[in-house]
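Residues per chain, in single letters:
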Amino acid sequence: MEQAFLQFLANQTTSLAAGSVGIGDDAAMLSWGAEQKLVVCTDLISDETDFLLHEVTPQQIGRKALAINLSDIAAMACEPVGALLTLLLPQGESSLDLAKGIYEGAAELAESYGCPIIGGDTNSWPGKVAVSVTVLGRCPGPQPLLRQGAQPGDAIAVTGKLGGSILGHHLSFEPRVREALELHQNFHLNAGMDISDGISIDLPRLCQQSRVGAEIDARLLPISDAAHQRSEKTGKPAWWHALNDGEDFELLFTLPAEQMDRLATQWTESVPITKIGTVREASPLMLIDLEGTRQPLLPEGFSHQ
Ligand SMILES: [Mg+2]
């Protein structure tokens, strides 16, 4: 199987920068600017934990495995440069088609983000399919965007709309790479991350790194259509889904109030940006509900099984 898959890979075209070495040699090679910082992240997804093989296409698995890593590179406001794709496949004849499909899904997204697949590995075993992607990124400025650095008084903002990702967004989302780079280059962001488990779980992580508290206003949350659909099924308010559903893969960031004002007037990208709250001195996180009542913000989002 591995030889057949390598043969398939040998016939694929990837856009590599001049002077780079991709799949086919013992290791990949990338040119790197002097003094530029390397950022690197990796994520593993597997059948039955992160997706159900009989409910998704191989291409969707490959796309998602890469997209979640691109979202982490975006969270650092860095540029993806190259990806490694490693597959652990069930033994059997159908694995070659599965491997090809996963590669194709990842490669298509890789191409559109200028992040070629430059290597990886594959193996078979008597178990379920698992896909690991590692992405290498370059920090274009002096510093990446970190979770630490949020200041009391900062506005808290998000890209896009939130909630209901399970209805399809978690397989088709666009990592906010371009938006993060533009934000970090043109505005003074103090801290940021991507939303993978839901704001109610992810925001405390940012606050912990920054040693601050925060207040989120449920009335300001940008609620997706899917969150409204989920709400009709679950009986929970749509804003609850926007706050707690996982896998939005939007950016969550903080910036001084005057920078937020400037952003609100100068942002021209199609992806909306919404202020959803304010950073406070270190204290329990608070939620302002639809009636304007302050209550503790509880971590009710998605946690990995
Ligand atoms: Mg992340």
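Residues numbered from 1 in each chain as written. Predicted model: local features only at pLDDT ≥ 70, side-chain atom pairs only at ≥ 80, totals over all residues. Heavy atoms only, no water.

Engineer: What's the story with the side chain of serine 95 in this structure? I'm lost.
Structural biologist: Among the structural elements, serine 95 can be located in helix H3 (residues 95-112). Ignoring any residue separated from it by four or fewer positions in sequence, one finds serine 95 in contact with Met1, Leu89 and Pro90. (Helix = DSSP H or I, 4+ residues; strand = E, 2+ residues; numbered from the N terminus. Contact = heavy atoms within 4.5 Å.)

Engineer: Honestly, the sheet that holds strand S3 (residues 117-125) in this entry has me stumped. Any pointers?
Structural biologist: Hydrogen bonds between backbone groups are what pair the strands of a sheet, and the pairing can be parallel or antiparallel. Pairing within the open sheet is mixed, and its four strands lie in the order S1-S4-S2-S3. Looking at strand neighbours, the two that pair on one side only are strand S1 (38-46) and S3, the edges of this open sheet. The sheet shows a mean angle of 15° between the axes of neighbouring strands, direction not considered. (Pairing = 2+ DSSP bridges. Axes fitted to C-alpha atoms, helices over the stretch in contact; angles between N-to-C directions.)

Engineer: Help me understand the pattern of salt bridges in this model?
Structural biologist: Once the charged atoms of two side chains with opposite charge are near each other, the side chains can pair. Per the stated rule, a full pass over the model turns up nine salt bridges. Between arginine 205 and aspartate 202 there is a salt bridge, with the nearest N and O atoms lying 2.6 Å from each other. Taken together, the residues span about one helical turn, with arginine 205 and aspartate 202 both in helix H6 (residues 199-210) at a distance of three residues. Among the residues examined, arginine 205 registers a relative accessible area of 31% and is labelled partly exposed. Taking the shortest distance from any N to any O, the salt bridge between glutamate 215 and arginine 280 comes out at 3.0 Å. Of this pair, glutamate 215 sits in strand S7 (residues 213-217) while arginine 280 sits in strand S9 (residues 273-280), and the two are 65 residues apart along the sequence. Among the residues examined, glutamate 215 registers a relative accessible area of 10% and is labelled buried. Using a relative accessible area of 35% as the deciding quantity, one classes arginine 280 as partly exposed. One network of salt bridges, with partners in common, ties together Asp197, Asp202 and Arg205. (Salt bridge = Lys/Arg side-chain N within 4 Å of Asp/Glu carboxyl O. Buried < 20%, exposed > 50% of the residue type's maximum accessible area, 1.4 Å probe, protein only.)

Engineer: Explain the coordination of the magnesium ion to me, please; I cannot follow it from the model alone.
Structural biologist: A metal bound by six donors in octahedral fashion has ideal angles of 90 or 180 degrees, whereas one bound by four tetrahedral donors has an ideal angle of 109.5 degrees. In this structure, Asp72 (OD) and Asp194 (OD) serve as the protein donors to the magnesium ion, at separations of 2.1 Å. Taken together, the positions of aspartate 72 in helix H2 (residues 58-75) and aspartate 194 in strand S6 (residues 191-194) put the pair 122 residues apart, joining distant regions of the chain. (Donors = N, O, S within 2.8 Å, 3.2 Å for Na, K, Ca; no water.)

Engineer: Quick question: what am I supposed to make of the environment of asparagine 190 here?
Structural biologist: Along the chain, asparagine 190 turns up in the loop between helix H5 (177-186) and S6. For asparagine 190, a relative accessible area of 17% corresponds to the buried category. Leave out the neighbours within four places in its chain, and asparagine 190 touches Leu145, Leu146, Gln148, Gly149, Ala150, Gln151, Asp154, Thr254, Leu255 and Pro256. Among the polar contacts made by the side chain of asparagine 190, one reaches the side chain of aspartate 154 at a distance of 3.0 Å. (Polar contact = N/O pair within 3.5 Å; in protein donor to acceptor, adjacent residues only side chain to side chain.)

Engineer: Sorry if this is basic, but what is going on with the pairing of strand S8 (residues 251-255) here?
Structural biologist: Side chains on a regular strand alternate between the two faces of the sheet. Burial analysis of S8 places five of its five residues in the buried class, the great majority of the element. Inspection of the sheet shows strand S5 (residues 155-159) paired to S8 by four bridges, in the antiparallel sense. Residue alanine 155 lies in a different strand from S8, and its bridge partner there is leucine 255. As judged from the four bridges shared by S6 and S8, these two strands associate in the antiparallel manner. Across the sheet, aspartate 194 pairs through a bridge with leucine 251, a residue of S8.

Engineer: Is there a simple way to think about the sheet that holds S5 in this case?
Structural biologist: Judged by pairing direction, the sheet is mixed, and its seven strands sit side by side in the order S6-S8-S5-S9-S7-S10-S11 without closing on themselves. Since the sheet does not close on itself, it has two edges, and those belong to S6 and strand S11 (294-296), each with one partner. Each strand axis lies, on average, 25° off the axis of its neighbour in the sheet, ignoring direction. Looking at chain direction, S5 and S9 are connected through five bridges and run antiparallel. Following the sheet pairing, alanine 157 is matched in S9 by lysine 275. Here H2 sits on the sheet and contacts S6 and S8; the angle it forms with S6, its principal contact strand, is near 175°. In the packing of H5 onto the sheet, contacts are made with S5, S8 and S9, and the angle to S8 comes to roughly 5°.

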